[in-house]
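This is what each chain is made of:
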Amino acid sequence: PIFRDFNVTEDPQAAAQVVAMGLPMTLIPYEAARGVAVTDSMVDRMDAAGGPRAWVAGRARPWLAYWRDKIGLPGFYPFDLVAAAYVADPSVVRCARVPVTVEDDTWVFGWLGYWALFVTPEAQPVSAYARGSADYCPEISQHLEQWIASRLTQGPGIPPASS
């Protein structure tokens, strides 16, 4: 399926402001998450683990069913979970420093007036609303799926809430 970056689509002006600030930024695209799938067996193991994992499994099942029934895949791509894995262990993805822009999306939805965030070649377009740079991480470690599966299904434990 073709997905737009919904974060940018919902507030493109904010995306342009963030890029223009020049703060450290890491982008982990949809393509990276396609290397990991949360499947029925993983959700079943989460459910069997009980506690918070079972609670998450119960909420993951409708999403898993949507991906199976509507998109035709046996599992779903855990986009945000791949980003969280990067925060916990940056070695799980491979990154490169690249220029980025926020500009008119002339690709699929250009005729609708959407802005998009693009990783760009060195020659930056003149029409950009904002220019910056980011660590772009399109490749995952070959062990990331197992890394995620082990944390979702067996540990480390969930720390108790502080009082």
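See the structure shown above.
Residues numbered from 1 in each chain as written. Predicted model: local features only at pLDDT ≥ 70, side-chain atom pairs only at ≥ 80, totals over all residues. Heavy atoms only, no water.

### Re the sheet that holds strand β4 (residues 93–104)
The 4 strands are arranged β1-β6-β4-β5 in an open sheet whose pairing can be described as mixed. Here the strands that pair on one side only, and so sit at the sheet edges, are β1 (26–27) and β5 (115–119). As paired strands, β1 and strand β6 (residues 130–140) are joined by 2 bridges and run parallel to one another. Within β6, the position partnered with Leu27 by the bridge is Tyr136. In the packing of helix α2 (residues 12–21) onto the sheet, contacts are made with β4, β5 and β6, and the angle to β6 comes to roughly 95°. (Pairing = 2+ DSSP bridges. Helix = DSSP H or I, 4+ residues; strand = E, 2+ residues; numbered from the N terminus. Contact = heavy atoms within 4.5 Å. Axes fitted to C-alpha atoms, helices over the stretch in contact; angles between N-to-C directions.)

### Here's the deal with the nonpolar core
In this structure, Val82, Val93, Ile140, Leu144 and Ile148 are the most contacted members of the largest nonpolar core, which totals 26 residues. Secondary structure elements with two or more residues in this core: α3 (30–33), α4 (40–49), α5 (51–71), α6 (79–88), β6 and α7 (144–153). Take this core: its biggest share by element is 5 residues, from α7. Filtering out sequence-adjacent residues up to four positions away, Ile140 remains in contact with Ala32, Gly35, Val36, Val82, Val92, Val93 and Arg94. (Core = buried A, V, L, I, M, F, W, Y, C linked by side-chain atoms within 4.5 Å. Buried < 20%, exposed > 50% of the residue type's maximum accessible area, 1.4 Å probe, protein only.)

### Examining α6
The periodicity of an α-helix, 3.6 residues per turn, causes residues three or four positions apart to be oriented the same way. All of the buried residues along α6 are Val82, Ala85 and Tyr86. Taken around the axis of α6, the buried residues stretch over an arc of 100°, which confines them to a single face. More than 90 degrees from the buried face of α6, the exposed residues found are Asp80, Val87 and Ala88. (Arc of directions from axis to C-beta.)

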